[in-house]
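Fold and geometry: a report
Here is what each chain is made of, one letter per residue.
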Amino acid sequence: MPREYPAAPVVAAAVVLLDGESVLLIRRGHPPALGQWSVPGGGVEPGETLAEAARRELHEETGLECEIGPIVEVVERITRDESGRARYHYVIIDLLGTKPAGELNPGSDAAEARFVPFGELAGMDLTAGLIPVIERARGMRGAAHDESGGSDERGAG
């Protein structure tokens, strides 16, 4: 199914990957949201679970791997053309990611990739509504930390 002017909404999976007091962001290299910073993700392929799609997209766009946790948020993104027709329509399931592993290396449709301290997010050109999603992921990670009574060796928990 084409991504531009799709016959139905495209289901996508994304990873809100947290590491200490930072989150992994990519600068989008293709439309929609060309040039904006977002979390890595993309379309779910037939037969692929959400977690599998999230892992694949994370690796394709950043070279990293991570532990995939629960759903953080479901976001709908619709970009309309001049006539009001849906040029892009994504239903994005954001999943919590923790314990990054590997070497950060932007690829696929990511023009750049880097871990950004939470305090720097407000000054960036982010995709709409991203900060509340990141804040929710931070809260979920904190709740998991409280339940387990510990944190990982980097203190990211």
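In what follows, the accompanying structure is described. (Residues numbered from 1 in each chain as written. Predicted model: local features only at pLDDT ≥ 70, side-chain atom pairs only at ≥ 80, totals over all residues. Heavy atoms only, no water.)

1. Re the packing of aromatic side chains
Here is the rule we go by: By convention, a stacked pair of Phe, Tyr or Trp rings (six-membered ring in the case of Trp) has centres within 6.5 Å and planes under 30 degrees apart, an edge-to-face pair has planes over 60 apart, and any other such pair is tilted. Ring-over charges, as used throughout, are those where CZ of Arg or NZ of Lys falls within 6 Å of the ring centre and within 35 degrees of the ring normal.
Tallying each qualifying case throughout the model produces zero aromatic pairs. Over the face of the ring belonging to Trp37 we find Arg114, whose NZ or CZ atom lies 5.3 Å from the ring centre.

2. Remarks on the pattern of salt bridges
Stated formally: The salt bridge criterion pairs a side-chain nitrogen of Lys or Arg with a carboxyl oxygen of Asp or Glu, the two atoms within 4 Å. Only protein chains enter the accessibility calculation, which uses a 1.4 Å probe; a residue is then buried when its area is under 20% of its type maximum, exposed when over 50%, and partly exposed in between.
This model, assessed by the stated rule, comprises 10 salt bridges. With a closest N to O distance of 2.7 Å, Arg56 and Glu48 form a salt bridge. Judged by relative accessible area, which is 18%, Glu48 ranks as buried. One network of salt bridges, with partners in common, ties together Glu48, Arg56, Glu57 and Glu60.

3. Considering the pairing of strand S1 (residues 10-19)
Definition in use: Strands here mean DSSP runs of E at least two residues long; helices mean DSSP runs of H or I at least four residues long; both are numbered from the N terminus. Any two strands with at least two DSSP bridges between them are considered paired.
In terms of residue burial, S1 counts as a mostly covered element, since eight of its 10 residues are buried. The pairing of S1 with strand S6 (residues 86-101) spans eight bridges and is parallel. By the bridge assignment, Val16 is partnered in S6 with Leu96. Pairing of S1 with strand S4 (residues 41-43) involves three bridges; the strand directions are antiparallel. Bridge assignment links Ala12 to a residue of S4, and that residue is Gly43. Bridge count between S1 and strand S2 (residues 22-28): two bridges; the pairing is antiparallel. Among the inter-strand pairings, Asp19 is bridged to a residue of S2, identified as Ser22.

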